[in-house]
Structure formats: structure tokens, C-alpha cells
Amino acid sequence: MWQRAQHFLEVSRFKYVIFGVIIFAFSASTSSWYYTTKNELFITFGIRVVLQILLAYIIIELLIIQLLNKGKTVAFVFTITATLLAFYVVCNLIFIYFFEPTFPTTYVNYVKRFEDASFLGRLTNISEFISKSLYLLYPTLLLLVFKLYTEKQHLLKLTEQKKTAELVALKNQLNPHFLFNTLNNLYALALKKSDDTTKVIQKLSHILDYILYRCNDEYVLLDKEIDLIENYLSLEKIRYADRVKISFSKNVTGQEKIAPLLLLTFVENAFKHGVVNEIKQAIININISKKGDQLVFKVENSKPDAVEYSNNRESIGLKNIKKQLDLLYPTTHDLIIENKSNTFSANLKLDII
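Colleague: I would appreciate a short explanation of the nonpolar core in the present structure.
Modeller: A general feature of soluble globular proteins is that nonpolar side chains tend to end up buried together. Residues V267, F271 and F297 are the most contacted members of the largest nonpolar core, which totals 47 residues. A per-element tally of this core places helix 8 (residues 222–240) first, with nine residues. Grouped together as the second largest cluster of nonpolar side chains are 37 residues, Y16, F24, F45 and F129 included.

Colleague: For this particular structure, what's the right way to read unusual backbone geometry?
Modeller: Backbone phi values are negative for most residues with the exception of glycine, while trans is the configuration of most peptide bonds. A positive phi angle, close to 50°, is found at A241, a residue other than glycine. Phi is positive for L261, which is not a glycine, with a value near 70°. Inspection of the secondary structure assignment puts L261 in the loop between strand 3 (257–258) and helix 9 (262–274). By relative accessible area, which is 2% here, L261 ends up buried.

Colleague: How do you make sense of the packing of helix 2 (residues 38–66) against helix 3 (residues 73–102) when you look at a structure like this?
Modeller: For any two helices packed against each other, one specifies the crossing angle of their axes together with the interaxial distance. Two elements in contact, helix 2 and helix 3, have axes whose closest approach is 11 Å; the angle formed by their N-to-C orientations is 165°. Judged on the interaxial angle alone, helix 3 and helix 2 are roughly antiparallel. Seen along the crossing, helix 2 lies across helix 3 with a hand that is right-handed. On helix 3, the residues touching I43, T44, I47, R48, L51, L54, L55, I58, I59, L63 and I64 of helix 2 are F76, T79, I80, T83, L84, F87, V90, C91, I94, F95, F98 and F99. Its residues assigned to classes, the contact of helix 2 with helix 3 shows 19 nonpolar, three polar and one charged.

Colleague: Mind showing me how you'd approach the confidence of the model for the protein chain here?
Modeller: Regions with low pLDDT should not have their predicted coordinates read in detail. Here the protein chain averages 83 in pLDDT, and 87% of its residues register 70 or above. Across residues 1–11, confidence stays below pLDDT 50; counting only partners more than four residues off in sequence or on other chains, it has two contacts.

Colleague: Please explain the sheet that holds strand 4 (residues 282–291) as it appears in this structure.
Modeller: Two pairing modes exist for strands in a sheet, parallel and antiparallel, and in both the strands are linked by backbone hydrogen bonds. One open sheet accounts for five strands, arranged 2-4-5-7-6; its pairing is mixed. Each edge of the open sheet is held by one strand with a lone partner, namely strand 2 (244–251) and strand 6 (333–339). Each strand axis lies, on average, 5° off the axis of its neighbour in the sheet, ignoring direction. Pairing of strand 4 with strand 5 (residues 294–302) involves eight bridges; the strand directions are antiparallel. Note that in strand 5 the partner of S289 across the bridge is V296. Running over the sheet, helix 8 touches strand 2, strand 4 and strand 5 and is turned about 165° from strand 2.

Definitions and cut-offs
Residues numbered from 1 in each chain as written. Predicted model: local features only at pLDDT ≥ 70, side-chain atom pairs only at ≥ 80, totals over all residues. Heavy atoms only, no water. Core = buried A, V, L, I, M, F, W, Y, C linked by side-chain atoms within 4.5 Å. Buried < 20%, exposed > 50% of the residue type's maximum accessible area, 1.4 Å probe, protein only. Helix = DSSP H or I, 4+ residues; strand = E, 2+ residues; numbered from the N terminus. Axes fitted to C-alpha atoms, helices over the stretch in contact; angles between N-to-C directions. Parallel < 35°, antiparallel > 145°, perpendicular 65-115°, else oblique. Left-handed = near helix turned anticlockwise from the far one by under 90°. Contact = heavy atoms within 4.5 Å. Nonpolar A, V, L, I, M, F, W, Y, C, P; charged D, E, K, R; others polar. pLDDT = per-residue confidence, 0-100. Pairing = 2+ DSSP bridges.

Take a look at the structure:
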């Protein structure tokens, strides 16, 4: 613990040293005309930069962390005022006892600015205190802006990493959910020794190939997602035969891009809640189209009379999809779920990537 703290202090000090060198180089290069010799220039700005960086370190690494960040605002204001007064005293001592006697030509006009050039007279000069404080503080302000920017970038990076991790977790929940449903279909056909078993295995292999190896990107071509849905529908048609009537209309180019596995879950949900418990013929209507810059996807299924539906009840798949939409399309999607007496529908609109 102590070693880590020591390492942090060493890194912080190194950062301030580097910034001090940059400030020194900028200030000295832009003010060289004002000083008679290079020796005077280097000494003057060397002392000034040391004071500026020392003040920045005290404010940022001590006062802000120990007082302001802990909600001790009054103590922070009092302490920073006392610190600025202390630095102002030091500045005046350096000017009176070093700069002015060592480089009198440079500071002759500076001394004339004061009605009372004594140490006490300068200390009570409010305008001079403000002027010197602002000069000493400007590196602190630059460092604070840089610190806020780097912290914001770090937060954005963490947010992106969290978003990626959540999406991976959601997909890991979704894929087993889909596989479980499909294997149940295959198991039912195998029990019946149906000739369609081999077709199901073939379709399932295509689906698994896509899910496991071909949809790892954040966004995929819509064509691929449509193929996935059609393979899934083929499996369900074999399983349910005349028990379900399916309509799937498409009015898209297929080259649009979309987050993988979003649409399939709505289709799965329609079969799970609209077909499984239906003793008559179930109806599922699927429509995907493009309107302007938006992709419009609608799935509607009939509801079995014998099954009671709750508006507050959602499948695992739909909950996952809502989370994925919030992560991938936080402000560019619109999802409307309609649970009517005879039908259930999901209407999704997405801005096309």
C-alpha cells in the first residue's frame, strides 16, 4: 500500500516537473526581449515557474483532494486564500531582497508603481495581490483543465468497456436461450422419427455457425440477420406445420447494418407466447422495411384464448433486447410493445448505421 502511494507521488511530481519545463520554455521564449541578459531571463523565470508549479501542486494534490473533494468548502476557501497570501509574501520578499537589487535596471519602473514601496506597503496593495495571484495561478488552471479532460476521457473509456462487457454478457444469455428452444424442437422431431430431422439439423448448423462465428462484430449486415430469421422460421414451420401461419415481408436492401441477434429475439418471443400454447392455428406476421433513415421492424402474433397474459410479464429475451437497445441505440431507437386482447406486437424503429 505504501509502495503504491509512493509510486503515485513520484508519478505526480514527474508530471509537474514536465509541465514546469513547458511553462518555463513558453514564458522565457515570449519575454526574452524584456531582459538585458540570458542569465537574468533564466533566473527570473526559473524562480517564477518554481513558485507557480509548487502552488499548483499544493492546490491540486493537497487542497482539492483533502478539502474540496471531501465537501469542506469553507476550509478550502480559507486555506487557498491563506496559501495565496503566503505566496504573495514570498514573492514580495524575493522582489525586494533579490530581483530589485540584483537587476535594478529591469525593475526601476516596477518599483515606481507603488505609492509605498516598502514591504508593508506592498502587502496592503490589493490590486498587486490580485495581479500576482492570477499570474501564479494560471498554470494551476491549465493543469486543472487538463486533469478534467483526462479524467473525462478515462471515464468514457471505462463506460465503453462496461458497455462492451454488458453486451457480451447479454449475448451469452441470449444464445443459450435460443439454443435451448431449438434443441427442444429437434428433440420433439427425433421422438417422432420425423424425416424432417435432418433438415432441422442442417438449419440448426447454419444458425449456430452464424451465432458462434459470424456475428461477433458490434454491427452486421441486415442480410445476415434476415437469413438467420428465415432459417429459424424454417425450423419452426417443420415443427408446427399447419398449426402456425407465418407471413414475412421485407422491403430493404439488406446492406443496412444492425446489431446482431436483435430481431431474432422478437421472432422467438412470438413463437414462444403465440404458438406453443395455441390449440388452433396461430398467426405470426413479420415485417421489416426502411423508411427514410430508419429501419422499421414489426412482429405481431395471435394470442391463445386459453392463456392468461400479464402486461407486466416479460420474457428473458425481451428484457435482454431492451438492455441491448439502451446500450447500442441509447437515443436512436423507439420500441413499442402492444399487448392487446387477441394479439401481441413489438414495433421497433432504429436509426440505420
